[in-house]
Amino acid sequence: GEMLIFGTLATIASLSIVVIALPQQIYKNYKRKTCEGLAPSLFYLAACAYILWSLYAWTKPDIFLIISQTPGMILSLILVFQLFYYGTDKTQR
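What counts and how
- Numbers given for residues are sequential positions, taken from 1 along each chain in its written order.
- Note on the predicted model: pLDDT of at least 70 is required for a residue's local features to be given, and 80 or more for side-chain atom pairs to be given and counted; whole-chain, interface and lining totals, by contrast, use all residues.
- Values shown for side chains rest on all heavy atoms present in the structure; no hydrogens or waters enter the calculation.
- Only residues whose relative accessible area exceeds 30% and that form no salt bridge are eligible for patches; like-charged ones are grouped when within 9 Å, while nonpolar side chains (Val, Leu, Ile, Met, Phe, Trp, Tyr) are grouped when within 5 Å.
- Where accessible areas are quoted, they stem from the Shrake-Rupley method and a 1.4 Å probe; at the residue level, only the protein chains shown are allowed to cover.
- The term salt bridge refers to a side-chain nitrogen of Lys or Arg lying within 4 Å of a carboxyl oxygen of Asp or Glu.
- Helix and strand assignments follow DSSP, with helices taken as H or I runs no shorter than four residues and strands as E runs no shorter than two, numbered in order from the N terminus.
- Only protein chains enter the calculation, and the probe is 1.4 Å; a residue is then buried if its accessible area is under 20% of its type maximum, exposed if over 50%, and partly exposed in between.
- Expected span of a helix, by definition, is 1.5 Å for each gap between consecutive residues, and there is one gap fewer than residues.
- At every residue, the bend is computed as the angle between two fitted axes, covering the seven residues ending there and the seven beginning there respectively.
- Contacts described as polar in this section are N or O atom pairs within 3.5 Å, which, within protein, must combine one atom able to donate a hydrogen with one able to accept it, while residues neighboring in sequence count only if both atoms come from side chains.
- Only the stretch in contact is used when a helix axis is fitted, and all axes are lines through C-alpha atoms; the angle between N-to-C directions ranges over 0 to 180 degrees.
- Put simply, angles under 35 degrees are roughly parallel, angles over 145 are roughly antiparallel, angles from 65 to 115 are roughly perpendicular, and the rest are oblique.
- Helix crossings get a hand from a simple test, with the near helix turned counterclockwise from the far one by less than a right angle marking a left-handed crossing and a clockwise turn marking a right-handed one.
- Gly counts as polar in this scheme, as do all residues outside two lists: the nonpolar Ala, Val, Leu, Ile, Met, Phe, Trp, Tyr, Cys and Pro, and the charged Asp, Glu, Lys and Arg.

### Brief notes about a nonpolar patch on the surface
On the surface, a nonpolar cluster with roughly 340 Å² of combined accessible area is contributed by I5, F6 and L9. Within the fold, I5 resides in helix α1 (residues 2–32). On the basis of relative accessible area, I5 is assigned to the exposed category, the value being 52%.

### Side note on the environment of Y86
Position of Y86 relative to the elements: it lies in helix α3 (residues 63–86). Judged by relative accessible area, Y86 falls into the buried class, the value being 7%. For the pair Y86 and R32, spaced 54 residues apart in sequence, the C-alpha to C-alpha distance is 9.2 Å.

### Description of α3
In this model, α3 (24 residues) spans 34 Å end to end at C-alpha, consistent with the 34 Å of a helix rising 1.5 Å per residue. Largest kink in α3: about 25°, centred on Q69, with the proline P71 one to four residues after it. Two to three positions downstream of the cap, the backbone nitrogen of F64 sits 3.0 Å from a side-chain oxygen, assigning the N-cap of α3 to D62. G87, located one to two residues past α3, shows a positive phi value of around 80°.

### So, the packing of α1 against α3
One way to put it is that α1 packs onto α3 with a least axis distance of 9 Å and a crossing angle of 20°. In terms of orientation, α1 and α3 fall into the roughly parallel class. Seen along the crossing, α1 lies across α3 with a hand that is left-handed. For the contact of α1 with α3, the residue count by class is 15 nonpolar, eleven polar and no charged.

See the structure below:
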């Protein structure tokens, strides 16, 4: 019923961020070898949110949340790694 419809729509909306936005940012950071111009707090908070939602999804278990949050957790952790590795200012390297 409605739960299936809303779950599917929410999963599609969440995956669009994970499939489109996060990989583009990861590639851009990799290519430029910097995270210049990015707000680190945004990526730290996103990683925390994805980690907590993924843990919740896997312990529940909720397939909609597992599908939509686990890839986000992985990609946001890659972004956090890039923040540490590349930094946010090109003059640091």
